[in-house]
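Notes for the structure review
Listed below, chain by chain, are the residues.
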Amino acid sequence: VVFEAVTFQETMQLSLQHKPDLLFLDINLLDYSGFEAAKLIHEIADIHIIFITAYDRDPILTIENRNYHCLLKPIDFFEFKNAVLQSTNNPLISL
């Protein structure tokens, strides 16, 4: 399932509805912090999250004892592939 959400409310609603295996989440949502959204998402579902940002920062973020990959825009394909594979620990994913 692929879906796009612009607001925090849409993100939460669609995450609950579809329960994706992997969620790409911008650090700065239109109306909420991506970090805060990740905390709330993890309260309701076990969804792997990869942050996307235009801000230059470390490639691994730790929030409340969870590690997250952080991809810098524009996204490099090999960094994207590695982040997906490491985040999901799923050898069946082929990119």
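Higher on the page you've got the structure.
Everything numeric here is computed off the predicted structure, so don't read it as measured data.

What follows is about the pairing of strand β3 (residues 60-63). Because side chains alternate across β3, one face comprises the buried residues Leu61 and Ile63, and the other comprises Ile60 and Thr62, none of which is buried. Bridging between β3 and strand β4 (residues 66-72) involves 4 bridges; their strand directions are antiparallel. Residue Leu61 lies in a different strand from β4, and its bridge partner there is Tyr68.

Close approach of charged atoms lets side chains of opposite charge pair. Scanning the model with the defined rule gives 2 salt bridges in all. The shortest N-O distance in the salt bridge between Asp26 and Lys73 comes to 2.8 Å. Placement of Asp26 in strand β1 (residues 22-26) and of Lys73 in the loop between β4 and α3 (77-88) is noted, with a sequence separation of 47 residues between them. On the basis of relative accessibility, which here comes to 39%, the residue Lys73 falls in the partly exposed class.

Criteria and cut-off values
- Residues numbered from 1 in each chain as written.
- Predicted model: local features only at pLDDT ≥ 70, side-chain atom pairs only at ≥ 80, totals over all residues.
- Heavy atoms only, no water.
- Buried < 20%, exposed > 50% of the residue type's maximum accessible area, 1.4 Å probe, protein only.
- Helix = DSSP H or I, 4+ residues; strand = E, 2+ residues; numbered from the N terminus.
- Pairing = 2+ DSSP bridges.
- Salt bridge = Lys/Arg side-chain N within 4 Å of Asp/Glu carboxyl O.

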